[in-house]
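Now for the letters of each chain:
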Amino acid sequence: MERRTIGAAALGVGAVGLGCMPMSWAYSSSEQHGVTSLRAVHTALDAGVSLLDTADMYGPFTNELLLGRVLKERRDEAFVSTKCGLLVGDQHIVANGRPGYVHRACDASLRRLQTDTIDLYQLHRADPEVPIEETWGAMAELVTAGKVRALGFCAVGARADRRAGTGIHDGTIRQLERIQQVFPVGAVQAELSVWSREALATLLPWCETRGIGFLAAMPLGNGYLTGALTTGGGFEPDDVRARHPRFTADMMAANQPIVAGLRRVARRHGSATPGQIALAWVLAQGRHVVPVPGTKKPHWVTENACASALELTEHDLSQIAALPAARGSWD
């Protein structure tokens, strides 16, 4: 697989990553099977998919424990990315950016992951009650201590920015500029896909000009862009898509022209699938971009990994650019 680099430290990773969240969190629990998930992670490493993205809140904790079982055997083949900053309670999630908590959270993640070092430690949420410089400074201390190699920031404030009437990533960029003065940002993780392109306007260029890696979250549109979801098929109650405005039966039907357009491009690339074209589009947005599609099944891991070999033509890219904008609120 093609290799790409993250941040000024030029940390090498496979061009396509693996989002591990669906193995333990947010998607249909009836389809979450530990043995299958372990096979998916091994399949990823076998295919050169080295970036494994997790977080302490996924489960909570069980996702890191699952990865730890693989890392115990194959740590040298993996690039481990995990996150801190969110606490999961009964029916609620709260941010915690206190320095003492950051240190304790890192030590706990290291134990669960069965490793001495985290390659990329990301701040999942900024705590509104703690100056972000204090949180980031505590994370920087982890780098100095040798527990972490690089720091990342999850750009999750887009909805608040939209409601405030400002640019969708303006608040995120202001936060990034503040923490960049404390310690270099190695990577930013934010949503980027064919049907969610907002990062292209400001956030992606901001990262590129500063040599910061960009981890594209949800590059397959929560599975919609694969074309494998059945319109009106419904989701289990614990699946986040069951409450998502873009995944109502009406909106799934209304957005089918996007998938149809990806299928048309795929036909020009032999046996390529719509999902692979969607990932190839993300890869084409810059050498600093690494899509991180989430899955829990080995066959999807293999399909996603093969997308790194696709080279879209200018005609392909122009055809994708001409696809209709997604319908339905993303909030």
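Just so it is clear, the model here is predicted, and its values are computed rather than measured.

(A) Here's a closer look at the packing of aromatic side chains. Applying the stated rule across the entire model yields 5 aromatic pairs. Taking 4.8 Å as the distance between ring centres and 5° as the angle between the ring planes, the aromatic pair formed by Trp195 and Tyr224 counts as stacked. Note that Trp195 is positioned in the loop between β10 (187–191) and α7 (203–209) and Tyr224 in the loop between β11 (213–217) and α8 (249–254), a separation of 29 residues in sequence. Each of the two residues, Trp195 as well as Tyr224, counts as buried. Judged by centre distance (5.7 Å) and plane angle (85°), the ring pair of Phe235 and Phe247 falls under edge-to-face. With a gap of 12 residues between them, Phe235 in the loop between β11 and α8 and Phe247 in the loop between β11 and α8 connect regions that are remote in the sequence. One aromatic cluster is present, built from ring pairs that chain together Trp195, Tyr224, Phe235 and Phe247. Seen from the ring of Trp195, Arg246 lies directly overhead, with NZ or CZ sitting 4.9 Å from the centre.

(B) Spotlight on the pairing of strand β6 (residues 86–89). In this structure, β6 lies alongside strand β7 (residues 92–95), joined through 4 bridges in antiparallel fashion. Bridging from a neighbouring strand, Val88 pairs with Ile93 of β7. Here β6 folds back onto β7, and the loop between the two strands holds 2 residues, one of which, Gln91, carries a positive phi near 65°.

(C) Geometry of the nonpolar core. Judged by nonpolar contacts, the single largest core of 78 residues is most densely connected at Leu18, Leu52, Tyr121, Val194, Leu203, Phe214 and Ile320. If one sorts the elements of this core by residue count, helix α4 (residues 132–144) sits on top with 7 residues. Grouped together as the second largest cluster of nonpolar side chains are 11 residues, Val13, Ala150, Ala187 and Leu215 included.

(D) Quick peek at the side chain of Asn96. Following the sequence through the fold, Asn96 ends up in the loop between β7 and α3 (99–113). Side-chain polar atoms of Asn96 contact the backbone nitrogen of Arg98, separated by 3.1 Å.

(E) Fine view of the sheet that holds strand β9 (residues 148–154). Reading across the sheet, the 8 strands line up as β3-β4-β5-β8-β9-β10-β11-β12 and stay open at both edges, with parallel pairing between neighbours. What marks the edges here is a single partner per strand, and that holds for β3 (18–19) and β12 (289–292). Here 2 bridges tie β3 to strand β4 (residues 51–53), and the two strands are oriented parallel to one another. Bridge pairing in β4 links Gly19 to Asp53.

(F) Structural view of the pattern of salt bridges. In the structure shown here, the tally under the stated rule is 12 salt bridges. Ionic pairing is found between Glu2 and Arg287, a salt bridge with its closest N-O pair at 2.2 Å. One end of the pair, Glu2, is in the segment before β1 (3–6); the other, Arg287, is in the loop between α10 (274–283) and β12, and 285 residues separate them in sequence. Residue Glu133 pairs with Arg178 through a salt bridge whose shortest N-O separation is 2.8 Å. Residue Glu133 is found in helix α4, and its partner Arg178 is found in helix α6 (residues 170–180); the two are separated by 45 residues along the sequence. Using a relative accessible area of 28% as the deciding quantity, one classes Glu133 as partly exposed. Given a relative accessible area of 39%, Arg178 falls into the partly exposed group. Salt bridges linked by common partners bring Glu2, Arg4 and Arg287 together as one network.

Procedures and definitions
Residues numbered from 1 in each chain as written. Predicted model: local features only at pLDDT ≥ 70, side-chain atom pairs only at ≥ 80, totals over all residues. Heavy atoms only, no water. Phe/Tyr/Trp six-rings, centres within 6.5 Å; stacked < 30°, edge-to-face > 60°. Helix = DSSP H or I, 4+ residues; strand = E, 2+ residues; numbered from the N terminus. Buried < 20%, exposed > 50% of the residue type's maximum accessible area, 1.4 Å probe, protein only. Lys NZ or Arg CZ within 6 Å of the ring centre and 35° of its normal. Pairing = 2+ DSSP bridges. Core = buried A, V, L, I, M, F, W, Y, C linked by side-chain atoms within 4.5 Å. Polar contact = N/O pair within 3.5 Å; in protein donor to acceptor, adjacent residues only side chain to side chain. Salt bridge = Lys/Arg side-chain N within 4 Å of Asp/Glu carboxyl O.

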